[in-house]
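Breakdown of the fold
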Amino acid sequence: MRTFITTLPARLGCQSVGPAPMPPVQHVRVIGGLAECPGCGLYQHVPELQPGQLAACPRCGQHLQRRRRTAPVAAPLAFCISSAAFYLAALASSLMTLNVYGRERTVDLLTGPMELMHEGWGEAGVLVGAVTIMAPAVAIALMFAILYAGTRPTLPNWAPAILIWYEKLRPWSMVEVYILGIFVAYTKLTDMAHVDVGPAVYLIGGLMLTMAVTDSTLDTERIWKHRRVDSLARLEDGEAVPVEYVHVGDVGMPPVERLVACPSCGLVGEMEHPVSNLHCVGACPRCGHSVWRRAPQSLTRTTAYLIAAVTFYIPANLYPVMTFMRMGGGGGHTIIEGALELWSDGMIPLSLLVFFASITVPMLKIVSLATMVAMTWRGARQGLVRRTRLFRLVDMVGRWSMIDVFMISILVAVVRFNAMATVTANAGMVAFAAVVVLTLLAAWSFDPRIMWDAAGMNGTLVDGLPRAVLTAHDGDTTQGPSGPASTKSAATPRPANMEPNQA
Ligand SMILES: [Zn+2]
Ligand SMILES: [Zn+2]
């Protein structure tokens, strides 16, 4: 008897581009022991990892899977509970108290976004509130749900959607960047007045650490393996076809052009016909996510976001981001003037940090993504590994540009002493925040695998099936990329819970 998928809609929300993509499909094969590198698109054998082992792509070095030594649910749960405690305490405590000639003003986490909204910079206020207050709360709540699901014998039906949402939302939680924003704001304030740092600053520091440790102890791959693979897969047209489970060690490597990997849980499926990059093939039988060979319209979307980012980049650097009025004097500051002022005050490391985060990073992102897009259009083969690594770097550092926006939100909240001292936000800040958000979206919509596709590197594998490079905790490489793995010797015991559910 087969279990029928009841949780999926008839049409999956995957909108294919162009005419009907594929001839009729009779069944789908799920291939265990196989993974596609999300950095370069190379299909490779990844054996069952031992605790403390890391599997990386032999071609581009992207980390594919990591098996933690810590308890899979208990360790992240402990840190998640601490995160919730830190978060609630930070929300209830004061962030900073400023004393200007005997007049005091105390602010908390909410004051910055509220003041920005009152001043008419609603979009910036909503952005700061969303990434420093809402996103961490939702991320912690989703993590609790995921860990609760992880304690069940099989992953419940609602759990995959929660895990997918968590992965989408987590980059928007910018607590660690906010801490630096507080630090820069504090440094700017100390030379004009007496500043008392409130308990919220330490609590946010704790929250930053516990959220990072929760992520690093969470073993998503292990959680996914708790989830049964459904015996029916829903195709794009809503039709359900049977799923057959095989292991790459038993059947060998299928033709690459028929393979497709789930963008969310990484499950690899083989279709009966070659799969186009432009079309959604259906829903993943393990997590229900729409399955595309490549992120849809990646090049077009990245190009559009980049053009928009360049448009905002000019006013973001020409117009002042904030105005500092003190005893009737003072005036507007642009981003670069803010960094130069820190330098002239003798705070050279901080000035370099602001310069790097606010000027170098957005520029680096725009230039390197534009280069990647142009080289992909041209089908260039040069520097593919370097470009893939650069993409990972760009993806990682992009959020740090928010330092200046956070710093301004704190100054606007705390320096409100009418004629004595007042900080107001200016249009440049909104343009700058738009640059940061647009470059983040540009990086997230770019699929680095298309660079390798365009260079003709993802065709049929002539040397057999490559193997992932396994590294132990002490850094020893236990399996090198040298030579293809014989598919028989690559066979590893099949995890029982990866079997399709044939109830
Ligand atoms: Zn790779
Ligand atoms: Zn999936």
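Not measured: the values here are computed from a predicted model. (Residues numbered from 1 in each chain as written. Chains lettered and ligands numbered in written order. Predicted model: local features only at pLDDT ≥ 70, side-chain atom pairs only at ≥ 80, totals over all residues.)

What follows covers the overall build of the protein. When helices and strands are counted, the protein shows 15 helices and 19 strands. Taking all contacts inside the protein whose residues are at least 6 apart in sequence as the whole, residues at least 24 apart take part in 73%. (Helix = DSSP H or I, 4+ residues; strand = E, 2+ residues; numbered from the N terminus. Contact = placed C-beta atoms within 7 Å.)

Most of strand β1 (residues 28-32) is tucked away: four of the five residues are buried. Pairing of β1 with strand β10 (residues 240-247), which is carried by five bridges, proceeds in the parallel orientation. Bridge pairing links I31 to V246 in β10. In this sheet, strand β12 (residues 268-270) lies alongside β1 in antiparallel orientation, the contact comprising two bridges. Residue pairing across strands places R29 opposite E270, the latter belonging to β12. (Buried ≥ 20, exposed ≤ 12 C-beta atoms within 10 Å, placed from the backbone. Pairing = 2+ DSSP bridges.)

This part is about the pairing of strand β17 (residues 421-425). Most of β17 sits out of view: four of its five residues are buried. Direction of pairing for strand β15 (residues 322-326) relative to β17: antiparallel, over a ladder of five bridges. When the bridges of β17 are listed, M325 appears paired with T422.

Time to look at the sheet that holds β12. Strand order in this open sheet of five strands is β9-β10-β1-β12-β11, and the pairing throughout is mixed. A strand with exactly one partner marks an edge of an open sheet, and here the two such strands are β9 (232-234) and β11 (259-261). When the angles between neighbouring strand axes are averaged without regard to direction, this sheet yields 40 degrees. (Axes fitted to C-alpha atoms, helices over the stretch in contact; angles between N-to-C directions.)

Okay, helix α10 (residues 335-344) next. Among the residues of α10, those classed as buried are I335, G338, A339 and L342. Down the axis of α10, the buried side of the element spans an arc of 95 degrees, and every buried residue falls inside it. With its phi angle positive at about 90 degrees, G346 sits one or two positions after the end of α10. (Arc of directions from axis to C-beta.)

Moving on: the nonpolar core. Counting 138 residues, the largest nonpolar core has A124, V405, L411, M429, F432 and A433 as the members making the most contacts within it. With 13 residues, helix α14 (residues 427-445) is the largest single contributor of residues to this core. Split by domain, this core shows at least three residues from each of two domains, domain 1 (29-69 + 228-286) and domain 2 (74-221 + 298-449). Contacts of L411, omitting those with residues within four sequence positions, involve A185, K188, M322 and V423. (Core = buried A, V, L, I, M, F, W, Y, C linked by C-beta atoms within 7 Å. Domains from an automatic or database assignment.)

A word on the confidence of the model for the protein. Of the residues in the protein, 89% have a pLDDT of 70 or more, and the chain-wide mean is 84. The weakest mean pLDDT in the protein belongs to strand β19 (residues 477-479) at 50; the strongest belongs to helix α9 (residues 298-318) at 95. The model gives residues 479-503 a pLDDT under 50, and that stretch makes 61 contacts with residues more than four places away or in other chains. (pLDDT = per-residue confidence, 0-100.)

It is worth spelling out helix α6 (residues 199-217) at this point. In an α-helix, one turn spans 3.6 residues; hence positions three or four apart end up facing the same way. With 19 residues, α6 extends 27 Å from end C-alpha to end C-alpha; this agrees with the ideal 27 Å at 1.5 Å per step. Turning to α6, its buried residues are A200, L203, I204, L207, M208, T210, M211, T214 and T217. Of the surrounding secondary structure, the elements contacted by the buried residues of α6 are α1 (74-92), β6 (94-100), β7 (103-108), α3 (122-150) and α5 (175-190). (Expected span 1.5 Å × (residues − 1).)

Pairing is antiparallel in the open sheet, where three strands are placed in the order β16-β15-β17. Both outer strands of the open sheet, β16 (329-333) and β17, are each paired with one neighbouring strand and no more. The average angle at which neighbouring strand axes cross in this sheet is 10 degrees, direction not considered. Sheet topology note: the β15/β16 ladder contains five bridges and is antiparallel. Across the sheet, the residue bridging to R326 is G329, located in β16.

The next thing to look at is the packing of α3 against α14. As a packed pair, α3 and α14 sit with axes 9 Å apart at the nearest point and diverge in direction by 50 degrees. Considering their axes alone, α3 and α14 lie oblique with respect to each other. The handedness of the crossing between α3 and α14 is left-handed. Mapping the contact onto sequence places E123, A124 and L127 in α3 and M429, V430 and A433 in α14. (Parallel < 35°, antiparallel > 145°, perpendicular 65-115°, else oblique. Left-handed = near helix turned anticlockwise from the far one by under 90°.)

Before going further, it helps to spend a moment on the environment of V30. Tracing the chain through its elements places V30 in strand β1. The buried category is assigned to V30, around which 24 C-beta atoms lie within 10 Å. Between the C-alpha atom of V30 and that of M271, which follows or precedes it by 241 residues, the distance is 9.0 Å.

The next thing to look at is the packing of helix α11 (residues 348-378) against α14. Two elements in contact, α11 and α14, have axes whose closest approach is 10 Å; the angle formed by their N-to-C orientations is 35 degrees. The interaxial crossing formed by α11 with α14 has left-handed handedness. Every residue of α14 that contacts α11 at P362, K365, I366 and L369 is listed here: V435, V436, T439, A442 and A443.

Turning next to the environment of Q382. Structurally, the position occupied by Q382 is in the loop between α11 and α12 (384-397). A sequence separation of 73 residues divides Q382 from A455, and the C-alpha atoms of the two residues are 8.7 Å apart.

Further remarks concern unusual backbone geometry. Even without being a glycine, Y101 presents a positive backbone phi close to 45 degrees. Along the chain, the position of Y101 falls in the loop between β6 and β7. Y101 gets classed as exposed once you count the C-beta atoms within 10 Å, which come to 9. A positive phi angle, near 50 degrees, is found at Q297, a position not held by glycine. Among the secondary structure elements, Q297 is positioned in the loop between β14 (290-292) and α9. Under the C-beta neighbour-count criterion, Q297 is labelled partly exposed, with 14 such atoms within 10 Å.

The next subject is the environment of E239. In this structure, E239 sits in the loop between β9 and β10. When the C-alpha atoms of E239 and V25 are compared, they prove to be 9.4 Å apart, with 214 residues separating the residues in sequence.

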